[in-house]
There are 2 protein chains.
Amino acid sequence: MVKIAVLGHGVVGSGVCEVVETNQSSILRRAGQPIEVKRILDLRDFDVPYRDKLTKDFQDILQDEEISIVVETMGGTHPAYEYSVAALKRGKNVVTSNKELVAAKGAALLQLAKEHNCNYFFEASVGGGIPIIRPMHLCLAANEINEIAGILNGTTNFILTKMFKEGMDFASALSQAQELGYAERDPSADVEGWDACRKICILASLAFGRQVHPEHVYTEGITRIAPEDVEYAESWGGVIKLIARARRREEDGLVECMVSPAFVHGESQLAGIDGVYNGVLIRGNATGDVVFYGKGAGKLPTASAVVADVIDIAKSPGTSKSLTWAECDENITVERRELKGDSYVRLSAPEGGMARRTVERLFGSAVFLTRPKQPADELAFLSGAMEESALENKLAALEQENLTLLSRIRLVDY
Amino acid sequence: MVKIAVLGHGVVGSGVCEVVETNQSSILRRAGQPIEVKRILDLRDFDVPYRDKLTKDFQDILQDEEISIVVETMGGTHPAYEYSVAALKRGKNVVTSNKELVAAKGAALLQLAKEHNCNYFFEASVGGGIPIIRPMHLCLAANEINEIAGILNGTTNFILTKMFKEGMDFASALSQAQELGYAERDPSADVEGWDACRKICILASLAFGRQVHPEHVYTEGITRIAPEDVEYAESWGGVIKLIARARRREEDGLVECMVSPAFVHGESQLAGIDGVYNGVLIRGNATGDVVFYGKGAGKLPTASAVVADVIDIAKSPGTSKSLTWAECDENITVERRELKGDSYVRLSAPEGGMARRTVERLFGSAVFLTRPKQPADELAFLSGAMEESALENKLAALEQENLTLLSRIRLVDY
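The shown structure was predicted, so the numbers you read here are calculated from the model rather than taken from an experiment.

(A) Highlighting the sheet that holds strand β2 (residues 35-41) of chain B. Residue and element names in this part refer to chain B. Reading across the sheet, the six strands line up as β3-β2-β1-β4-β5-β6 and stay open at both edges, with parallel pairing between neighbours. Of all strands in the sheet, those bounded by a partner on one side alone are β3 (54-55) and β6 (120-121). Bridge count between strand β4 (residues 67-72) and strand β5 (residues 93-96): four bridges; the pairing is parallel. The residue of β5 that forms the bridge with Val70 is Val94. Contacting β1 (2-7), β2 and β4, helix α1 (residues 11-22) crosses the sheet at an angle of about 155° to β2.

(B) The nonpolar core, seen in detail. Judged by nonpolar contacts, the single largest core of 261 residues is most densely connected at Ile35, Tyr120 and Ile159 of chain A together with Ile35, Tyr120 and Ile159 of chain B. Look past the residues within four positions of Ile35 of chain B in its chain and what remains in contact with it is Met1, Val2, Ile4, Val20, Ile27, Val310, Ile311 and Ala314 of chain B.

(C) Here's a closer look at helix α14 (residues 388-400) of chain A. All names here are of chain A. Helix length check: α14, at 13 residues, gives a terminal C-alpha distance of 18 Å against a target of 18 Å (1.5 Å per residue), a fit within 8%. For α14, every residue scored as buried is listed here: Glu388, Ser389, Leu391, Leu395 and Leu398. Looking at the packing, one finds that the buried side of α14 touches β10 (255-265), β14 (343-348), α13 (353-362), β16 (378-382), β17 (386-387) and β18 (404-411). Looking one or two places after α14, you find Asn402, whose phi comes out positive at around 65°.

(D) Highlighting the interface of chain A and chain B. The partner chain B presents 47 residues to the 48 residues of chain A that form the contact. The junction of chain A with chain B conceals about 3,900 Å² of combined surface from both sides, 50% of it contributed by carbon and sulfur atoms. Between chain A and chain B we count zero salt bridges in total. Along the contact surface separating chain A from chain B lie 18 residue pairs in polar contact (both at pLDDT 80 or more). Elements with a minimum of two residues in the side of chain A that touches chain B: α2 (24-31), α6 (133-139), β12 (288-295) and α12 (299-315) of chain A. Counting residues per element, the side of chain A that touches chain B draws most heavily on α12 of chain A, which supplies eight residues. Each residue belonging to the side of chain A that touches chain B can be placed in one class, and the counts come to 23 nonpolar, 14 polar and eleven charged.

(E) Spatial organisation of the sheet that holds strand β4 (residues 67-72) of chain A. All names here are of chain A. Judged by pairing direction, the sheet is parallel, and its six strands sit side by side in the order β3-β2-β1-β4-β5-β6 without closing on themselves. Either end of the sheet is taken by a strand with one partner, and the two such strands are β3 (54-55) and β6 (120-121). Here strand β2 (residues 35-41) runs beside β3; their pairing, made up of two bridges, is parallel. Across the sheet, residue Ile40 finds its bridge partner in β3, namely Leu54.

(F) Examining unusual backbone geometry more closely. All names here are of chain A. His78 connects to Pro79 through a cis peptide bond whose omega is 5°. Unusually for a residue other than glycine, Asn402 sits at a positive phi of about 65°. Following the sequence through the fold, Asn402 ends up in the loop between α14 and β18. The class for Asn402 is exposed, based on a relative accessible area of 54%.

(G) Quick peek at the relation of the copies chain A and chain B. Superposing chain A onto chain B takes a rotation of 180° combined with a translation of 0.0 Å along the rotation axis, leaving an RMSD of 0.0 Å. Such a combination of turn and shift is consistent with a two-fold rotation axis. Among all C-alpha atoms of chain A, that of Phe292 of chain A lies closest to the rotation axis, at 2.4 Å. A high fraction, 98%, of the interface residues of chain A reappear at the interface in chain B, so the copies pair face to face through one surface.

(H) A look at the packing of α1 of chain B against helix α12 (residues 299-315) of chain B. Residues and elements named next belong to chain B. Axis separation between α1 and α12 bottoms out at 8 Å; the angle between their running directions is 65°. By the angle between their axes, α1 is roughly perpendicular relative to α12. The element α1 and its partner α12 pack so that their crossing is right-handed. Residues Val11, Val12, Ser14, Gly15, Val16, Glu18, Val19 and Val20 of α1 touch α12, and the partners they reach there are Lys299, Leu300, Thr302, Ala303, Ser304, Val306 and Val307. When grouped by side-chain class, the residues that make up the contact of α1 with α12 number nine nonpolar, four polar and two charged.

(I) Just the packing of aromatic side chains, in detail. All names here are of chain A. Taken as a whole and judged by the stated rule, the model has 21 aromatic pairs over all chains. Relative to Phe122, the ring of Tyr120 has its centre 6.3 Å away and its plane inclined at 40°; by these criteria the two rings are tilted. Since its relative accessible area comes to 1%, Tyr120 is described here as buried. On the accessibility criterion, Phe122 (1% relative accessible area) is buried. Their ring planes at 50° and their centres at 5.3 Å tell us that Trp236 and Phe263 sit as a pair that is tilted. Here Trp236 is found in helix α11 (residues 227-236), whereas its partner Phe263 is found in strand β10, with 27 residues between them in sequence. When its relative accessible area of 0% is taken as the criterion, Phe263 is described as buried.

Cut-offs applied
Note on numbering: residues in each chain are counted from 1, in written sequence order. To read the labels, note that chains go from A and ligands from 1, taken in the order they are written. Where local features are concerned, this predicted model is filtered to residues with pLDDT of at least 70; where side-chain atom pairs are given and counted, the filter is 80 or more; whole-chain, interface and lining totals use all residues. The basis for every side-chain value is the complete set of heavy atoms in the structure, and neither hydrogens nor water enter the calculation. Strand pairing is assigned whenever DSSP detects at least two bridges linking the two strands. Elements are defined by DSSP. Helices are runs of H or I of four residues or more, strands are runs of E of two residues or more, and each kind is numbered from the N terminus. When checking whether two residues touch, look at their non-hydrogen atoms; a contact exists if any pair is within 4.5 Å. The angle between two axes is taken between their N-to-C directions and runs from 0 to 180 degrees, where each axis is a line fitted to C-alpha atoms and a helix contributes only its stretch in contact. By nonpolar core is meant a set of buried Ala, Val, Leu, Ile, Met, Phe, Trp, Tyr and Cys residues that side-chain atoms within 4.5 Å join together. Only protein chains enter the accessibility calculation, which uses a 1.4 Å probe. A residue is then buried if its area is under 20% of the maximum for its type, exposed if over 50%, and partly exposed in between. By this rule, a helix spans an expected 1.5 Å times one less than how many residues it contains. Put simply, buried area is the surface a 1.4 Å probe can reach on two separate parts but cannot reach once they are joined, added for both. A carboxyl oxygen of Asp or Glu within 4 Å of a side-chain nitrogen of Lys or Arg is what we treat as a salt bridge. Nitrogen and oxygen atoms within 3.5 Å of one another constitute a polar contact, given that in protein one can donate a hydrogen and the other can accept it, and given that sequence-neighbouring residues count only through two side-chain atoms. When residue character is reported, Ala, Val, Leu, Ile, Met, Phe, Trp, Tyr, Cys and Pro are called nonpolar, Asp, Glu, Lys and Arg charged, and the others, Gly included, polar. Here the copies are superposed with least squares, the fitted atoms being C-alpha atoms of residues at a pLDDT of at least 70 in both. Relative orientations are named as follows: roughly parallel for angles under 35 degrees, roughly antiparallel for angles over 145 degrees, roughly perpendicular for angles from 65 to 115 degrees, and oblique for any other angle. A crossing counts as left-handed when the near helix is turned anticlockwise from the far one by less than a right angle, and as right-handed when that turn is clockwise. Only Phe, Tyr and Trp rings are paired, with Trp represented by its six-membered ring, and only when their centres lie within 6.5 Å; those with planes under 30 degrees apart are stacked, over 60 edge-to-face, the remainder tilted.

In structure tokens, the structure reads:
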């Protein structure tokens, strides 16, 4: 019998209790022994059948020698970090769905787990119920992973899908997402890209072996995407997705990492990922492109990923897995202005034909796009591949010629 | 240092040697120790830099106490089975890419591994380089898996993609696949669906815990799909894919399992899987639908899956994992005629309007399909959901009325 404690009886925490209860028989078969939730930490009171398990005092869990696994589903950095540290130092395994904490303190917590011969697992922190962390770590072990790209945030993907499939504007799509419970009242963490940024940092740290910090990663949200941009993306033959990506630069091992909206071609495996679904593409040197797809959030999917981690620990107690990356205080990411890529640019161009010639002069290889009912004073084109700094210089030069930048969205080629 | 032997220096076996060599540094980091190919068994001579490792005598491997892992990439049942048994009995771990053997003898070999405290791993047997076996086993451990459906054969998927995207007929698409090396000179195992059948049997055995035997699974290939069927599928809004699927029947735990061409709606995550790619959808009770996508075959993808298994063993030597299912001689599949589903039917119908009324009389809920330049004497419709036996009775009744069955393809709703 493995006894666990759950920190935080919110959406994911209560889901963990539910999955452990509902899937008892398959869990027993796979873990080799039954798993029981012994304690639940929450400051609130809940009217649940198992309310005798609730406690408001973390010490009840920490001091309980029977509890070998602590499930941390509190979210936020504090006190989740302090509780995790305390549990690991007592040799208790910690399983978390807390991407904010893993992205900020992963290396330190993994190191602590190693020192105390226990585990710090975080499958549920990326991609909800989609297995990503473990396949990446175990199954792709024989590959050098060069690149990762994903749709890692279901809220923004829901909004973008509504904008494309139903012609909604951003504000209406957001408010529908809020009504359906897919977006929070303060949607910033999702729509500004921070959530996706934390997740790509976790994946990049795991793939490349050193902590990639969210504050070093250029992150742009989807709030400025206009219906006009949607129409140009469609006429180009693709969609706009919020793409989080990381690539190891061959020359120096630095990491090119960014979160931004991107034009994705219709043929891409990422283009068809719609609604609240997530998808992650991993590019290995032997296996080629592998894509994992599924529900990236939600109570039961996320809870089932947490419970899978618990089962893995229950199966081989007392061992510490090699899942780890190195602490790294320095910035190992490439500066944004050095990153190279193609971009879609939309301008307000009062002078018509003149504007087009100006663009052609500045961007030798520009490809012009059109859309239905395109106004005469609007111009859209693809810049061709160049460094971000070069593009910015050219965009500044356009502004000098009275062409106003309305929109600029990167292209990706997954 | 972990020393391994490779049985069979064919496509996959030589790929294993290559991956172990090329990715030394990442393998060392992930396995915690270096991995070396000490011996390679093959009856042929090869002019390779490591030809001193070649042997024609399996005893050189079996008797060598330094070799702790045997990689079996010979294919076929004999002598692969006997060699695997001998290795496991000596406590050597066996890693295989041999789907035929796993589908036929998986339960027995897994049991033998357990008894001798070693492992029998087979990640590479399904989906080439796509991690499927381990994510299914480990990461979805907290789910009751109810259903699996997949495009598990790259050759047939390449052919079907050519038929849809370039309007080729089956014979031309097959011969192009052969020219490109995607299909063998005798393509039966692929185009008749046997390869996909072995793979779905492995996945079903793992998911449902008992050996599902290929000979009990109704298997239909893609050889009879005509360009007309392609056009009807397109006008319906979808594509035809060779879909291998397995579902556990709630009432009695029997397994509904089949391999056949199927109409897949354009919105399905399986519809966009084109060319030699594979995709597997797993439906869990907590996680919902999860899809894994990638190259389902090929030297390096498959070899990297083999090496990932080797690394997993190297990381925790001397332990036996719970990966297993029970031997089961009886037939645990549901008889095909009891299976229920919708079907597309195409008829030669010389009597025009009369024929339509006959179909409406026999199939109350039939939905008629059309295609460009549809001949007056051709009729196509969707039957509505019914048991296979009922459909067959109705099709026989149609024949009685001089309507000749030209084609019948099942619909799936993934």
